Each structure stands twice: as C-alpha cells, then as structure tokens.
Amino acid sequence: MEKWSLMAMAVLLALTVRWAVSLGSYSGAGKPPMYGDYEAQRHWQEITYNLPIRQWYFNTSDNNLLYWGLDYPPLTAYHSFVCAYIAKLINPDWVALHTSRGHESQPHKLFMRTTVFVADLLVYIPAVILYCFSLKETSAKKKASTCALCILLYPGLILIDHGHFQYPLSLGLALWAVLCLSHDWDLLGSMAFCLALNYKQMELYHSLPFFCYLLGKCFKKGLKGKGLVLLAKLAGTVLVSFAACWLPFGTDVEQIMQVLRRLFPIDRGLFEACMFSSPTHCPDKVANIWCSLSVLIKIKNVISPRTQLKLSFAVTFLSLLPACIKLTVQPSLRGFKFALVSCALSFFLFSFQVHEKSILLVSVPVCLIINEIPFMATWFLLVSTFSLLPLLLKDELLLPYAVTTPAFLAVCLASFSILEKTSAEDLQLKAFSLSLKGYVSWFKSFPRIVRSLFLLSLSLMGVLSVLSAAVPPPPRLPDLFPLAVAVVSCLHFLLFLVYFNVVILWDSKNRGQKKIS
C-alpha cells in the first residue's frame, strides 16, 4: 500500500501543477485574426462536427484551409469530433459553423482545459505510472514514485499542454508502446505506436527505433522460424491498425492523397513548420541546425525548397544511421530507449519543417532514462524547456516557466542527487573512457569538469531568460534574444547528440536486459 500512496501523492502534486498552469494564458489568446493553437483545436472541432468526413481536409467555402486547416492524421480529427460532440451538448455556440470562429469565453476555456486533463488522466499519466513501476533498475518501489514525480513534473510538457495548449495523446500512446515492448508484448506495442503515428505524423521521429528494435528481435529469433512468424504478425498488426484508422478515407484515392498533402506540405520550405507567421508563432526561431545556421547563411534564399528537402533528408539519415544499425544488430530494451532519444534528436536538429514544440518528442524519451543517467537527463530536460522560451513569452507564460523550471530542478536534485552522479561510470561513459589512450589523468577531473559545465549552462540559460523577459532588444536587432536562445539551445543539443550516440555505440553489455531468444 505504501508504494501506491507515494505514487498517488506524486500524481496529485503533478495534477495540481497542471491545474495552476492551466489558469493562465493560452496560445493566441485575444490575438485575432489567427489567434493560436487553442483556436486551431477549437476550429477542428467545428469542422469535424459540421462537415462530412470527405470535406475535412479539402478547401471549400465552409472549410478555409488557410484558417487552421486540418494538417494532422485521422485520429486527431476523430478526437476533435468526439470533443466537438460533447461541446455541442454543453453549448452549441462553441462549435457553430463560421460564427464560432475566434470564440473565447471562460466556460469554453474551462471545457478545453478539461479535455486536456482528461487526455492526461486517461492516456499519459497511467503510462508513466506503469512504466516507472516496471523499471528493473529501481531497487525499491519508493524509487518508482520519485521517478514518476520527476517525469510528471517535466515543465516543458506541462507548459505546452496546459499552458500553450495541445493534447498529450500521441506522446502518451508512444509511451504505452514502449511499455508494451518492455513486457515483450510486441504486437500490442506495435498497435499502440501505429495509433500514436496516426494521431500526429511527428511520431515519425520515433519510428526508426521501433522498426529497428522489432526487426532486430526477428533476426535474433531467426527468419526461418520464430522470427519469420513474429515478422508476419507485426506486419499484419501494422496493416490492420493503419487500415482501421484510414478506413473512412480509403474508398477514394484522391481523399488519401489530399490527407497526405496536408500532412507533408513539402512546398512550404525547410523552415515553414506552420503556414502562418503570426504574432503567436515564430517558425524561424527553432533550436535546430538550419535555423541556427540561417543567422550566418540565409539558406532559404540560396537553396531551392526541393534541394533543402534532399539536404535535410541526407543529413538526418546519416546522423541517425549509427544508432539504428547498432539497435538492429544488437536489439536490447536499454538500447531501444537510448535510440529513441538519439533518433528523435537527429530529426529535431536536421529534418524538414521542425516546430519548436517538437523538442518534446526528444524530451519524453529522455524522461524514460532519467533513472539511468539522472544528471544528463535533468540537464537535457532543462535545456529543452529553455529552448521553448520565445514561444512561452508570446503566450504570456513567463511566470509558470519561472516557477516550474527551478521546481523541477529542485525535485531532481532531491530525488537523484544529480550533482553526485557525474563520474564516467554514472554517465555511462566508462567503456568509452577505456577506449581512449591517456584517459587516466584526464578522467580523474571529469566529474568536476562536467559539474562546472552544468553550472555554466544553468547560468547562461538564467541570464538569457532574464534578458528575454525584461530587456527590450535593440531596434535594429528585434530578434536578438529569440535567436540567442535558439543558437545556445542548438549548441547544447548537438553536444547531447554526440553524447547519446557515444553511449549507444560503446555499450556492449546491455546490462539488465533479458536475452532475446
């Protein structure tokens, strides 16, 4: 009973923080004509409830795609329809066709915030709880509650879901998929990930680790025996899952092609993650390599959109290739979780049309390994939250950011004593250090160097946060602080990418892993 009491307290605290953040502003509040992501979600409810399915993704007189047109897969649309059905029962004005555009009221805000809470309670939070209880590395169940508390208090996800406004369903479903694979429920895990991918196409960030891990398991079992059977079952599960999600659109090829065009609008260019460059959205200030390089080289003025696509694909593919090969050849649950981080980070840094919120696709897998590398995981999660600062400032979420971020750091310090976990062995770099000539003298001071870099990083992020919030930029450089945040975050992420790949490639022990047979 004690373990459940501790877990209940952790969940209650996490819910309280979410509720407090939800009381504040949201994306685009009171900022016509486009408003923000809050209005996008409301508008999708309006469209899905009032229009037939065949019109959801097409530009018509009743569905202007230039005004927050649907650009997510079918499960997002179905979820919007369910929310709209409930909204209609409460107040039909909330989803009335045309006349509800830009609707803002306290009752409606309460309704929308509640839908996010329900998604959290039904999908994301249960997956976190069960995952933490399933960890083999935890020596005591008390550790499970502290691990869950740290994950559930990660400020980036709270500020985006319950502040800015979005649903945690795709990340929650992906987490369920990881949980299923950790129990060798491969078919259920595949189905859960297919649902995640059919809710948001950005789950492609995680697709290669899932594919390589399961393919590696099939190879280990032998493709002339059990492995072939498993491969056939997995292929069937994927096909059935996708067919179920796309069934209403499957009767017309043009319907499918239009949905795909909405999901992957490659003609927008390398930087345009969103069609709109409104006051609530700043697509060119993302902490990835292309936006950082654009400070020096205006890539979109030099290279055509098609060439940009090919370049980003090539760099992304090369950056994630080592981790994927290692995972396929030596499939292990531990390697799978680290590959989720590495591959998602490669996508974020180098891929096409990246939104600043996409860093959450890296952060949630990092949360899954916070018990293994608490120091580096905490550091990464703090940087990822900092990278969202320009977006949070636009949404007037400075106060929640200033409270939740130090609170998260304090919880991690208390739960894992992270400043004492900086040795090469604690950072999973022992094998790498042994492969370096002359490592003995250098690695003696390694913990001190790492702690110093961490404190320097915190200081830099703190100073930039204060400057961004309190100091007006020079008139000639209005984007100075957002660019500084993006570049500093990008440099951090590049170093983290190297670190995670080193851990993956030099890990030959696969400690604590069940033998795949």
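Conventions we followed
- Residues numbered from 1 in each chain as written.
- Predicted model: local features only at pLDDT ≥ 70, side-chain atom pairs only at ≥ 80, totals over all residues.
- Heavy atoms only, no water.
- Helix = DSSP H or I, 4+ residues; strand = E, 2+ residues; numbered from the N terminus.
- Rg over C-alpha atoms; globule rule 2.2 N^0.38 Å.
- Buried < 20%, exposed > 50% of the residue type's maximum accessible area, 1.4 Å probe, protein only.
- Core = buried A, V, L, I, M, F, W, Y, C linked by side-chain atoms within 4.5 Å.
- Contact = heavy atoms within 4.5 Å.
- Domains from an automatic or database assignment.
- Buried area = accessible area lost by both parts, 1.4 Å probe.
- Salt bridge = Lys/Arg side-chain N within 4 Å of Asp/Glu carboxyl O.
- Polar contact = N/O pair within 3.5 Å; in protein donor to acceptor, adjacent residues only side chain to side chain.
- Nonpolar A, V, L, I, M, F, W, Y, C, P; charged D, E, K, R; others polar.
- Expected span 1.5 Å × (residues − 1).
- Arc of directions from axis to C-beta.
- Phe/Tyr/Trp six-rings, centres within 6.5 Å; stacked < 30°, edge-to-face > 60°.
- Lys NZ or Arg CZ within 6 Å of the ring centre and 35° of its normal.
- Patch = residues over 30% accessible without salt bridge, like charges linked within 9 Å, V, L, I, M, F, W, Y side chains within 5 Å.
- Areas by Shrake-Rupley, 256 points an atom, 1.4 Å probe, with all protein chains shown as cover.
- Axes fitted to C-alpha atoms, helices over the stretch in contact; angles between N-to-C directions.
- Parallel < 35°, antiparallel > 145°, perpendicular 65-115°, else oblique.
- Left-handed = near helix turned anticlockwise from the far one by under 90°.

Moving on, we get to the overall build of the chain. Scanning the chain from N- to C-terminus turns up 22 helices and zero strands. Against the 2.2 N^0.38 benchmark of 24 Å for 517 residues, the chain shows a C-alpha radius of gyration of 23 Å, consistent with a compact globule. Projected onto the principal axes, the alpha-carbon positions of the chain cover approximately 70 × 65 × 60 Å. Across the 517 residues that make up the chain, the buried fraction comes to 57%.

Below, the discussion takes up the nonpolar core. If you look at the biggest cluster of nonpolar residues, it comprises 120 residues, and the most contacted ones within it are Phe-348, Phe-380, Phe-493 and Phe-500. Considering every element that reaches this core, the biggest residue donor is helix 14 (residues 333–350), with 13 residues. Within the second largest apolar cluster, 38 residues are counted, among which are Met-34, Ala-87, Tyr-167 and Phe-249.

This part is about the environment of Leu-327. With respect to the helices, strands and loops of the structure, Leu-327 is situated in helix 13 (residues 305–329). A relative accessible area of 3% places Leu-327 in the buried class. Along the backbone, Leu-327 and Gly-216 are 111 residues apart, and their C-alpha atoms lie at a distance of 7.0 Å. If sequence neighbours within four positions are ignored, Leu-327 has contacts with Pro-209, Cys-212, Tyr-213, Ser-332, Gly-335, Phe-336 and Ala-339.

With omega at 5°, the peptide bond leading from Pro-32 into Pro-33 counts as cis. At Tyr-35, a residue that is not glycine, the phi angle is positive and equals roughly 60°. Position of Tyr-35 among the secondary structure elements: in the loop between helix 1 (2–22) and helix 2 (37–50). Tyr-35 gets classed as buried once you look at its relative accessible area, which sits at 16%. The backbone of Gln-428 sits at a positive phi, close to 65°, despite the residue not being glycine.

All right, on to the domain arrangement of the chain then. Per the domain assignment, the segments of the chain are domain 1 (167–263) and domain 2 (265–507). Taken together, the contact pairs 23 residues of domain 1 with 26 residues of domain 2. When residues of domain 1 are sorted by the area they lose upon contact with domain 2, Tyr-205, Pro-209 and Tyr-213 head the list and together hold 33% of the total. Counting across the domain 1 and domain 2 interface gives zero salt bridges. Put simply, domain 1 and domain 2 have one residue pair in polar contact (both at pLDDT 80 or more) between them. Considering each element in turn, the side of domain 1 that touches domain 2 owes the most residues, ten residues, to helix 9 (residues 207–246). Counted by class, the side of domain 1 that touches domain 2 contains 15 nonpolar, three polar and five charged residues.

Our focus in this paragraph is the pattern of salt bridges. One pass over the structure, following the stated rule, counts ten salt bridges. In this structure, Glu-39 and Arg-42 form a salt bridge, with 2.8 Å as the shortest nitrogen-oxygen distance. One end of the pair is Glu-39 and the other is Arg-42, both in helix 2 and three residues apart, which spans about a single turn. Since its relative accessible area comes to 3%, Glu-39 is described here as buried.

In this model, helix 18 (residues 398–416) (19 residues) spans 27 Å end to end at C-alpha, consistent with the 27 Å of a helix rising 1.5 Å per residue. By the burial criterion, the buried members of helix 18 are Pro-400, Tyr-401, Thr-404, Thr-405, Phe-408, Leu-409, Val-411, Cys-412, Ser-415 and Phe-416. The buried residues of helix 18 all sit within an arc of 160° when viewed along its axis, so they share a single face. Facing away from the buried side of helix 18 by more than 90 degrees, the exposed set consists of Leu-399 and Ala-414. Positioned one or two residues after helix 18, Ser-417 has a phi angle of 50°, which is positive.

A word on the packing of aromatic side chains. Enumeration according to the criterion identifies 27 aromatic pairs in this entry. Each ring, one from Tyr-205 and one from Phe-347, has its centre 5.2 Å from the other, and the planes form 15°; the classification is stacked. Of the two residues, Tyr-205 is situated in the loop between helix 8 (186–197) and helix 9 and Phe-347 in helix 14; the sequence distance between them amounts to 142 residues. Residue classification places Phe-347 among the buried residues on the basis of a relative accessible area of 17%. Among the aromatic residues, those joined into a ring-pair cluster are Phe-338, Phe-348, Phe-375, Trp-379, Phe-380, Phe-454, Phe-493, Phe-496, Tyr-499 and Phe-500. Over the face of the ring belonging to Tyr-67 we find Arg-101, whose NZ or CZ atom lies 3.7 Å from the ring centre. Over the ring of Tyr-72 we find Lys-200; its NZ or CZ atom is 5.3 Å from the centre of that ring.

Take a nonpolar patch on the surface next. Where nonpolar side chains cluster on the molecular surface, the patch consists of Phe-81, Val-82, Tyr-85, Ile-86, Leu-89 and Ile-90 and spans about 590 Å² of accessible area. Turning to its location among the elements, Ile-90 is positioned in helix 3 (residues 74–90).

To continue, consider the packing of helix 15 (residues 360–368) against helix 16 (residues 374–387). Any two packed helices are characterised by how steeply their axes cross, that is the angle between the axes, and by the distance between the axes. Two elements in contact, helix 15 and helix 16, have axes separated by 10 Å at closest approach and are oriented at 160°. Classified by the angle between their axes, helix 15 and helix 16 sit roughly antiparallel to one another. Crossing handedness for the pair helix 15 and helix 16: left-handed. Residues Val-362, Ser-363, Val-366 and Cys-367 of helix 15 form the contact with helix 16, whose own contacting residues are Ala-377, Phe-380, Leu-381 and Ser-384. Grouping the constituent residues of the contact of helix 15 with helix 16 by class yields six nonpolar, two polar and no charged.

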